[in-house]
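Analysis of the macromolecular model
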Amino acid sequence: MSSSQTVSLSGQSSELECNFFPPLEVGSKSEIGLLSIQTYNSIPNVGAGCDTLHIIHGSQRVTTKIKIPTGCYEIIALEAKIRELLKDIGVRFFSLSTDNSTLKCTLHCNSEIDLNVDGSIAPLLGFDRRILECDRRHESDRVVKIMNVNTIKVECNLALGSFDNGRQSHTIHEFYPVVPPGYKIVEIPKYCVLYKLKTNTIDYVRVSLTDQNGKSIDFRGETVNVRLLIKNGFEV
């Protein structure tokens with residue numbers, strides 16, 4: 001004998017949870033899977049810890065810290081935003097471009113740029129910690145990492161049967177948004193893969209959305225909706 005139930009969770013963070021009272025009683029062979037996720041692609045690539053440029057400018061070699069607003073930027077948009085911020089301190093020229101063959105970027109400015117500081121945008125652009133001389137074109141040391149999220153993992157505290165690099169995990173689905181920043185994400189797995197439930201009594205459910213490194217995804221306050229399927233399996 002079997003039956004199915006659905007559980008919907010919503011919130012404005014990457015951690016969604018709910019309690020059940022009275023608890024849900026399910027069979028010993030019950031399984032859980034993901035039916036859908038809906039939110040907006042607001043995941044930033046520029047934010048706390050990777051959002052500043054230190055500009056050394058003027059005859060007195062004054063150092064000014066430029067803070068780039070949190071957001072999801074393509075290289076062209078990032079160049080435009082930095083130019084806008086540099087105008088306020090009198091820096092006349094700044095360019096940022098990428099090479100589609102090498103996947104590296106080139107930075108050129110008429111002022112020195114100090115990347116040897118904490119919180120610098122250097123890792124995103126592929127630069128090591130160093131000072132870039134003025135009036136010279138500088139190629140990045142490595143490929144650009146314009147997006148630091150390679151995959152979104154959906155984890156559920158009730159699920160068993162998935163493994164991450166050989167270690168047991170609670171992941172029930174993985175995906176990457178196929179829509180541009182600001183557009184609606186509607187992720188509906190083509191096949192709802194079911195995982196064994198670790199308990200027969202459900203009084204608490206938690207769903208976590210993390211990146212490939214286990215770091216919580218920052219949706220910047222956008223509402224996240226998750227729908228789960230619980231397939232009850234009872235001993236005959």
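Residues numbered from 1 in each chain as written. Predicted model: local features only at pLDDT ≥ 70, side-chain atom pairs only at ≥ 80, totals over all residues. Heavy atoms only, no water.

Details of the overall build of the protein
Using the following cut-off: Where helices and strands are cited, they refer to DSSP runs of H or I of at least four residues and of E of at least two residues respectively, numbered from the N terminus. Throughout, the radius of gyration refers to the C-alpha atoms, and the reference size of a globule is 2.2 Å times the residue count to the power 0.38. Partly exposed describes any residue whose relative accessible area lies between the buried limit of under 20% and the exposed limit of over 50%, with all areas from a 1.4 Å probe on protein chains only and scaled to the type maximum. Contacts are assigned to residue pairs with any non-hydrogen atoms lying within 4.5 Å of each other. All accessible areas in this document rest on Shrake-Rupley with a 1.4 Å probe, and a residue is counted as covered only by the protein chains that are shown.
Helix and strand counts for the protein stand at two helices and 19 strands. Taking 2.2 N^0.38 as the reference for a compact globule, 236 residues should give roughly 18 Å; the C-alpha atoms of the protein span a radius of gyration of 23 Å, well beyond that estimate. Each principal axis of the C-alpha distribution contributes one length, and for the protein these read about 85 × 30 × 25 Å. Of all 236 residues assigned to the protein, the portion counted as buried reaches 45%. The contacts of the protein with a sequence gap of at least 6 include a subset with a gap of at least 24, amounting to 67%. Of the roughly 13,000 Å² that the protein leaves accessible, carbon and sulfur atoms contribute 48%.

Quick word on the sheet that holds strand S5 (residues 62-67)
The following threshold applies: A pair of strands is treated as paired once DSSP finds two or more bridges between them.
The strand order across the open sheet built from four strands is S5-S4-S8-S9, with neighbouring strands paired in antiparallel fashion. Unpaired on one side and paired on the other, S5 and strand S9 (131-132) mark the two borders of the sheet. Pairing between strand S4 (residues 52-57) and S5: six bridges, direction antiparallel. Bridge pairing links His57 to Val62 in S5.

Looking at the nonpolar core
Definition in use: Put simply, a nonpolar core is a bunch of buried Ala, Val, Leu, Ile, Met, Phe, Trp, Tyr and Cys residues held in one set by side-chain atoms that sit within 4.5 Å of each other.
Of all hydrophobic cores here, the largest spans 31 residues; its most connected members are Ile202, Leu209 and Leu228. Counting only elements with at least two residues in this core, the list comes to strand S1 (2-11), strand S2 (15-25), strand S3 (31-40), strand S11 (152-156), strand S15 (171-175), strand S17 (195-197), strand S18 (201-210) and strand S19 (224-233). Leaving out residues up to four positions away in the same chain, Leu209 has contacts with Ser14, Ile37, Ile152, Lys153, Val154, Lys215, Ser216, Ile217, Phe219 and Val224. Judged by nonpolar contacts, the second largest core, of 27 residues, contains Ile55, Phe94, Phe127 and Leu132.

Quick notes on the confidence of the model for the protein
Parts of the model with low pLDDT should not have their predicted coordinates read in detail. Short version of the rule: pLDDT is a per-residue confidence score from the predictor, ranging from 0 to 100.
Put simply, the protein has an average pLDDT of 92, and 98% of its residues get 70 or more. Across the protein, the secondary-structure element scoring lowest on mean pLDDT is S1, at 89, and the one scoring highest is S11, at 97.

A few points about the environment of Lys104
You can see Lys104 is positioned in the loop between strand S6 (94-98) and strand S7 (105-109). Looking at Lys104, the relative accessible area reads 24%, which means it is partly exposed. Residues Lys104 and Arg206, 102 residues apart in the sequence, show an inter-C-alpha distance of 40 Å. Apart from residues no more than four positions distant in its own chain, Lys104 is found in contact with Ser97, Thr98, Asp99, Glu139, Ser140, Asp141, Arg142, Val143 and Val144.

Focus: unusual backbone geometry
Going from Phe21 to Pro22, the amide bond is cis rather than trans, its omega being 0°. As for its placement among the helices and strands, Pro22 is situated in strand S2. The phi torsion at Asp135 lies on the positive side, around 55°, for a residue other than glycine. Of note, Asp135 is situated in the loop between S9 and strand S10 (136-139). Classification of Asp135 as exposed rests on a relative accessible area of 52%. Phi at Arg220 takes a positive value of approximately 55°, unusual for a residue other than glycine. Its place among the elements puts Arg220 in the loop between S18 and S19.

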